Amino acid sequence: MKPQGEKPTQNSMAESSLGSSAPFWKEIVFFINVRKGFTARLKEAALKGDKVKVSVDGPYGTSFDLGSYDTTVLIAGGSGVSYTLPTLLNIIERVRNGKSSCRRVVFIWSIRNADCIHWIDETLIRALHLAPASLSILIRIHVTSAQATIQALPHSYGPNDNAQAVHDGSEIGELEDAKAMEKSKVSLLAIKAVKLENRRCDLLSVLRDEVEMATGRMSVGVCGSRAMTRSVRGALQFPVSSPVSVANGGPSVTLHVESFGYA
């Protein structure tokens, strides 16, 4: 118990209103594209609340340690978010616990249609509420479908259409009114730290801008198509990331590519 009169900390306010991050951080979530047969039966079982036994094999190799980087850029295409989202959650948790000096995270996700936002909207909302004030987070979601328009995209997933926006940047961790925001089911797209665009992400421009702003060490992680990976590699090639750039005060940049494919 806390002594009487002691002012609650930012983390204690977050945990009292949103719950401890520990169980949330350690969940295993499966992204399953429902078709016919087995995946259709899985969907039916999930809708009924049935329990299903699963066997999980892995992980393989070594994990990429981001604790020593000042800036991290996470880039994903479609289901590649299954890599970048846990990485974002891990960074937030480590900064909260004083185990990482990261100051800025840019989370870029390219999806074909806006419905994909539902995959992770609740997780991102909670993660942004739990993030400490010292960590600047920018979420960039790019909807690439030619049929979609910004006006047609869902800006409210809850019943309250007048939900107030959550502060971003240095104020993102101020949670005095977090309970009220949780009750009103604030939309992900109402949060100022979240930017939505109906076009492909200009990775060359975005990465070069981040390199120019960054200091110290910068990591870039990408999980997506081969074309996306090539674009990221091209954006970071000489002279953007080079010994000359570092000698002139620019950041040292490390690229991590998380490949995925069909079994």
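Worth saying up front: this structure is predicted, and the values here are computed from it rather than measured. (Residues numbered from 1 in each chain as written. Predicted model: local features only at pLDDT ≥ 70, side-chain atom pairs only at ≥ 80, totals over all residues. Heavy atoms only, no water.)

*Asks:* Can you explain the overall build of the protein chain? Please cite residues and give values.
*Replies:* Helix and strand content of the protein chain: nine helices and six strands. Burial status across the protein chain gives 42% buried among its 263 residues. Considering only intrachain contacts with a sequence separation of at least 6, the fraction spanning at least 24 residues in the protein chain is 84%. Accessible area for the protein chain stands at about 15,600 Å²; split by element, carbon and sulfur atoms hold 51% of it. (Helix = DSSP H or I, 4+ residues; strand = E, 2+ residues; numbered from the N terminus. Buried < 20%, exposed > 50% of the residue type's maximum accessible area, 1.4 Å probe, protein only. Contact = heavy atoms within 4.5 Å. Areas by Shrake-Rupley, 256 points an atom, 1.4 Å probe, with all protein chains shown as cover.)

*Asks:* Please set out the side chain of threonine 84 residue by residue, giving values where relevant.
*Replies:* Along the chain, threonine 84 falls in helix H4 (residues 81-96). Residue contacts for threonine 84: discarding those within four places in its chain leaves Leu74, Ile75, Ala76 and Phe107.

*Asks:* Give me the sheet that holds strand S2 (residues 104-111): which residues, what numbers.
*Replies:* Reading across from one edge, S4-S3-S2-S1-S5-S6 is the order of the six strands in this open sheet, with parallel pairing throughout. If you trace the sheet from one side to the other, it starts and ends with strand S4 (194-197) and strand S6 (252-257), each paired once. Direction aside, the axes of adjacent strands within the sheet are offset by 15 degrees on average. In this sheet, strand S3 (residues 136-143) lies alongside S2 in parallel orientation, the contact comprising eight bridges. (Pairing = 2+ DSSP bridges. Axes fitted to C-alpha atoms, helices over the stretch in contact; angles between N-to-C directions.)

*Asks:* Before we move on, could you go through the packing of aromatic side chains and cite the residues and values that matter?
*Replies:* In the structure shown here, the tally under the stated rule is two aromatic pairs. The interplanar angle of 50 degrees and the centroid separation of 5.9 Å between the aromatic rings of tryptophan 109 and tryptophan 119 together place this pair among those described as tilted. Taken together, the residues tryptophan 109 in strand S2 and tryptophan 119 in the loop between S2 and helix H5 (121-130) connect sequence positions ten residues apart. A network of ring pairs unites the aromatic residues Phe31, Trp109 and Trp119 as a single cluster. Its guanidinium or amino end placed over the ring of tyrosine 69, arginine 217 lies 4.3 Å from that ring's centre, counting from NZ or CZ. (Phe/Tyr/Trp six-rings, centres within 6.5 Å; stacked < 30°, edge-to-face > 60°. Lys NZ or Arg CZ within 6 Å of the ring centre and 35° of its normal.)

*Asks:* Account for the environment of serine 110, naming residues and giving values.
*Replies:* Residue position: serine 110 is located in strand S2. Classification of serine 110 by relative accessible area gives buried; the value is 14%. Residues serine 110 and arginine 140, spaced 30 residues apart in sequence, show a C-alpha to C-alpha distance of 8.4 Å. Serine 110 has contacts with Ala76, Gly77, Gly78, His142, Cys201 and Met228, leaving out every residue within four places of it along the chain.

*Asks:* Before we move on, can you summarise the side chain of threonine 39 with the specific residues and values?
*Replies:* Looking at where threonine 39 falls in the secondary structure, it is placed in helix H3 (residues 38-48). Among the residues examined, threonine 39 registers a relative accessible area of 18% and is labelled buried. Polar side-chain contacts of threonine 39 include one of 2.8 Å to the backbone nitrogen of arginine 35. (Polar contact = N/O pair within 3.5 Å; in protein donor to acceptor, adjacent residues only side chain to side chain.)

*Asks:* Go over the confidence of the model for the protein chain with me, naming the residues and quoting the values.
*Replies:* As a general rule, the predicted coordinates of low-pLDDT regions are not to be interpreted in detail. On average, residues of the protein chain carry a pLDDT of 78, and 73% of them reach 70 or more. Under a pLDDT of 50 for its full length, residues 12-18 has, in the predicted model, 16 contacts with residues more than four places off or in other chains. (pLDDT = per-residue confidence, 0-100.)

*Asks:* Go over the packing of helix H7 (residues 203-213) against helix H8 (residues 226-235) with me, naming the residues and quoting the values.
*Replies:* Helix packing geometry: the angle between the two helix axes and the distance between the axes. Between H7 and H8, the least distance of the axes is 9 Å, while the angle of their chain directions is 40 degrees. When the axis of H7 is compared with that of H8, the two are oblique. Along this stretch, H7 crosses H8, giving a crossing that reads as right-handed. Two secondary-structure elements touch here, H7 through Leu203, Leu204, Leu207 and Arg208 and H8 through Met228, Ser231, Val232, Gly234 and Ala235. Taken together, the residues that form the contact of H7 with H8 break down as six nonpolar, two polar and one charged. (Parallel < 35°, antiparallel > 145°, perpendicular 65-115°, else oblique. Left-handed = near helix turned anticlockwise from the far one by under 90°. Nonpolar A, V, L, I, M, F, W, Y, C, P; charged D, E, K, R; others polar.)

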